[in-house]
Amino acid sequence: MTRADGSLRPHTATLLVSLSQRSLSGLTKRSATQSLVLSSSPSDLVATTPLSYTADEVKHVALSPDGSRQAVFRQVAAKDGKPARKVVEIVRVLDGRKEDELDLSKEHGDLYLDSTFGPPSWHPSSTSLVYTAEAPAPKPDPSALRPSSTKFEYTPDFGETFTGRREPTLFLLVLADSSFQGALRQEKPRLSVHRLTSPDLAGPVVFGQPAFLPDTERPRLVATGYAPLGDGRKLGIVYCTNRRARIYALKVKPEQSDGDDEDDKPKVVFRTASATPISSADRSARSPRILPSTPDSVASRVVYISNALGGPHASCAALQLATLSASLAVDEDRTVVAVVDVPDTKDDADDPFPGLYVDQLPSEPFVVGPDGEVAVAMTSVWRTRRVPLV
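Residues numbered from 1 in each chain as written. Predicted model: local features only at pLDDT ≥ 70, side-chain atom pairs only at ≥ 80, totals over all residues. Heavy atoms only, no water.

A. Expanded view of the sheet that holds strand 19 (residues 330-337). In space, the four strands of this open sheet follow the order 16-17-18-19, with antiparallel pairing throughout. Across the chains shown, the open sheet's two edge strands, defined by having one partner strand only, are strand 16 (283-290) and strand 19. Put simply, the sheet's adjacent strands are angled 30° from each other on average, direction ignored. Note that strand 18 (residues 318-324) and strand 19 share six bridges and pair antiparallel. Within strand 19, the residue paired with Leu324 across the bridge is Val330. (Pairing = 2+ DSSP bridges. Helix = DSSP H or I, 4+ residues; strand = E, 2+ residues; numbered from the N terminus. Axes fitted to C-alpha atoms, helices over the stretch in contact; angles between N-to-C directions.)

See below:
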């Protein structure tokens, strides 16, 4: 083949590779496919695609920021008398080789993979992961003569698409080569999972949509905190952008744990030490996204959207930008795109900007220009259509 200038186009071929590997923790065989683009030289690999999983047991695949790894979350069904299992695997994108795996069955309940509570989010270093899952059921006291009364207390769920979901909880997955391993003081660094949040962290607030701040020394996060009414009732949140929700900054610290079981040895684990509100209490906020950092930047900047608390559903939203100091204090929280009460028609525009009507921001909403300028991309309702905006 030839190019437009008449020169020869290098010959390329696409190779579709089928891969399979035994999962020891899941007690099953994992299969995937990958496309490889090869040049005329057999050893010259031009491009690859991430591994593609088609098995029903694969619930979510999270690609790392550098494109080198995938976190594969699997739900293995019960079979041949063996219980169901929840497994996470860390897989290399280049050759499909599994680096590590961990059985999560005893760590938590079902994963939250929706946009309201957020899919798993990688650390910028591609060595740690934070995600939301249902809290594990409390373990009974073996010395008690009868069950605790708390077992029979009614805990409401979030209804709608979250029927049966009562306690969303943040979990931190630390890979063996993570810079956070030093704080864990393990004899041999290994893949580990840590429960970050609990009901007593910020009163009745539960957290979702977690994202890492760009810090390699210690885990620091932002997340959306959802609060019930004063009487404990939980209102539906998946279709409602006017509920009690705020953006929080979470400080995570290592602490000594006595172990969950009798056979567990004392160990160091990560826990959230404090949760500081970023957004205003009179706004319903969601979708925190961390702006890309620059080499000379010290502060962290968080973009999020908010609506008026209470009032009509699906009202016009505002786009906010919060600047956090090194101590996670809010240095500034300003409005980038304000609420539009009446579209501006003074320029005789036939179709003036009506404001933002956004459910959630994309997981990666930023567009960086050639000079380093940053724009936020999203989709919004404009009259009767949903249109892309920047």
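B. Local environment of the pattern of salt bridges. All chains considered together, the criterion is met by 11 salt bridges. Its salt-bridge partner being Asp231, residue Arg233 comes within 2.8 Å of it at the nearest N-O pair. Asp231 matches Arg233 in its accessibility class, with the two residues each being exposed. Put simply, Glu57, Arg74 and Glu89 are held in one network by salt bridges that share partners. (Salt bridge = Lys/Arg side-chain N within 4 Å of Asp/Glu carboxyl O. Buried < 20%, exposed > 50% of the residue type's maximum accessible area, 1.4 Å probe, protein only.)

C. Examining the state of the cysteines more closely. Evaluation of the coordinates by the stated rule reveals zero disulfides. Cys240 supplies the cysteine sulfur nearest to Cys316, a cysteine that is in no disulfide, at a spacing of 17 Å. Exposure remark for Cys316: the relative accessible area of 8% places this residue in the buried category. (Disulfide = S-S within 2.5 Å.)

D. Expanded view of empty space enclosed by the protein. Applying the stated rule across the entire model yields three cavities of 30 Å³ or more. As a volume, the largest cavity reaches approximately 60 Å³. Glu167, Pro168, Thr169, Thr197, Ser198, Pro199, Val205, Val206 and Phe207 are the residues that line the largest cavity. Mapped by element, the contributors of at least two residues to the lining of the largest cavity are strand 10 (168-174) and strand 12 (206-212). Computed from the structure, the second largest cavity encloses a volume of approximately 40 Å³. What lines the second largest cavity is simply Leu19, Ser20, Gln21, Arg30, Ser31, Ala32, Leu51, Tyr53 and Gly96. Mapped onto the lining of the second largest cavity, the elements with two or more residues apiece are strand 1 (13-23) and strand 2 (28-38). (1 Å grid on protein atoms, 1.4 Å probe; cavity = no way out; pocket = protein on both sides within 12 Å on 5 of 7 lines; lining within 4 Å. Points joined across faces, edges and corners; volume = space filled by probe spheres on them.)

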